[in-house]
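# Structural description and commentary
Listed here are the chains, written in short residue letters.
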Amino acid sequence: MKDIAAFLTEQTFFAGLEEADLRLLAGCAVNEHVREGTLIFREGKRADRFYLIRKGRIALEVLVPGRGRTVVDTLDAGEVVGWSWLVPPHRWSFDGRAVSEASLVAFDGACLRGKCEADPRLGYLLMQRVSREMFDQLRAARVRLADLYGRPR
């Protein structure tokens with residue numbers, strides 16, 4: 001398996017970042033492996049990480065009254081999941097569950113926030129990427145919700 005910094009150079013989310021920036025970010029990251037069905041994070045709990053999926057699939061779930069647990073999004077290899085580490089009060093808005101066995105790069109949120117505060121240029125570059133991902137995910141969620149609630153029961 002490639003080391004984290006080398007792996008980041010190949011990922012769309014990190015495209016255009018300098019090698020030194022990638023090394024800094026990699027310094028806040030560890031590799032994790034989870035089994036199918038593992039709950040990676042839970043809605044309302046402290047959000048202290050975000051994840052880049054190396055392999056596998058992660059589902060974002062919410063509890064919908066009258067419908068039970070509902071998957072609102074699934075993310076695959078090469079995608080990032082978990083933005084709650086960035087915005088106070090740093091609490092998860094969804095549950096994240098491994099739909100399959102998964103390998104992840106887990107980034108420590110406090111470490112990243114510290115590096116971004118120390119280097120506002122890096123913070124801005126990271127915020128641009130996070131904002132773009134959040135926008136894309138919100139747009140996709142809107143389409144899924146319209147489909148889910150637009151159909152007669």
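How each quantity is defined
Residues numbered from 1 in each chain as written. Predicted model: local features only at pLDDT ≥ 70, side-chain atom pairs only at ≥ 80, totals over all residues. Heavy atoms only, no water. Core = buried A, V, L, I, M, F, W, Y, C linked by side-chain atoms within 4.5 Å. Buried < 20%, exposed > 50% of the residue type's maximum accessible area, 1.4 Å probe, protein only. Helix = DSSP H or I, 4+ residues; strand = E, 2+ residues; numbered from the N terminus. Contact = heavy atoms within 4.5 Å. Pairing = 2+ DSSP bridges. Axes fitted to C-alpha atoms, helices over the stretch in contact; angles between N-to-C directions. Salt bridge = Lys/Arg side-chain N within 4 Å of Asp/Glu carboxyl O. 1 Å grid on protein atoms, 1.4 Å probe; cavity = no way out; pocket = protein on both sides within 12 Å on 5 of 7 lines; lining within 4 Å. Points joined across faces, edges and corners; volume = space filled by probe spheres on them. Nonpolar A, V, L, I, M, F, W, Y, C, P; charged D, E, K, R; others polar.

## Digging into the nonpolar core
Membership of the largest hydrophobic core comes to 25 residues, with the highest contact counts inside it found for Leu 8, Phe 13, Phe 14, Leu 25, Phe 50, Leu 52 and Phe 107. Where this core is concerned, the elements lending two or more residues are helix H1 (4-8), helix H2 (19-26), strand E3 (49-55), strand E8 (102-108), helix H3 (109-118) and helix H4 (120-150). In contact with Phe 14, other than residues within four places in its own chain, are Leu 8, Leu 22, Leu 25, Phe 50, Leu 52, Phe 107 and Arg 129. Within the second largest apolar cluster, 18 residues are counted, among which are Phe 41, Ala 47, Ile 58 and Ala 102.

## Focus on the sheet that holds E3
A sheet is described by the order of its strands in space; here 4 strands give the open sequence E1-E8-E3-E6, paired in antiparallel fashion. Sheet topology places strand E1 (29-34) and strand E6 (80-81) at the edges, where each strand pairs with a single neighbour. Sheet analysis places E3 next to E8, joined by 6 bridges and oriented antiparallel. By the bridge assignment for E8, Leu 52 is matched with Val 105. Docked against the sheet, H3 engages E3 and E8, running at close to 45° with respect to E8.

## Some thoughts on the sheet that holds strand E4 (residues 57-64)
The 4 strands are arranged E2-E7-E4-E5 in an open sheet whose pairing can be described as antiparallel. Of all the strands in the sheet, just strand E2 (39-41) and strand E5 (68-76) have a single pairing partner and so form its edges. Taking each pair of neighbouring strands and ignoring which way they run, the sheet shows an average axis angle of 35°.

## Details of the pattern of salt bridges
The full count for this structure, using the stated rule, is 10 salt bridges. The partner of Arg 46 in a salt bridge is Asp 48, and the shortest N-O contact between them spans 3.4 Å. In this structure Arg 46 comes out as exposed when scored by relative accessible area, which is 54%. Given a relative accessible area of 28%, Asp 48 falls into the partly exposed group. In this structure, Asp 136 engages Arg 139 in a salt bridge whose closest nitrogen and oxygen atoms are separated by 2.9 Å. With Asp 136 and Arg 139 both in helix H4, this residue pair falls 3 residues apart, about one helical turn. Look at Asp 136 and you get partly exposed, because its relative accessible area is 32%. Linked through salt bridges whose partners overlap, the residues forming this network are Asp 21, Asp 119 and Arg 121.

## Quick word on the layout of surface pockets
In this model, the largest pocket occupies a volume close to 540 Å³. Taken together, 28 residues line the largest pocket, and the ones lying closest to its centre are Trp 83, Ser 93, Phe 94, Gln 137 and Leu 138. Of all the secondary-structure elements, those providing two or more residues to the lining of the largest pocket are E4, E5, E6 and H4. With 8 residues, the single largest contributor to the lining of the largest pocket is H4. When grouped by side-chain class, the residues that make up the lining of the largest pocket number 20 nonpolar, 5 polar and 3 charged. There is about 160 Å³ of room inside the second largest pocket. Those elements giving two or more residues to the lining of the second largest pocket turn out to be E5 and H4. By residue number, the principal contributor to the lining of the second largest pocket is H4, which donates 4 residues.

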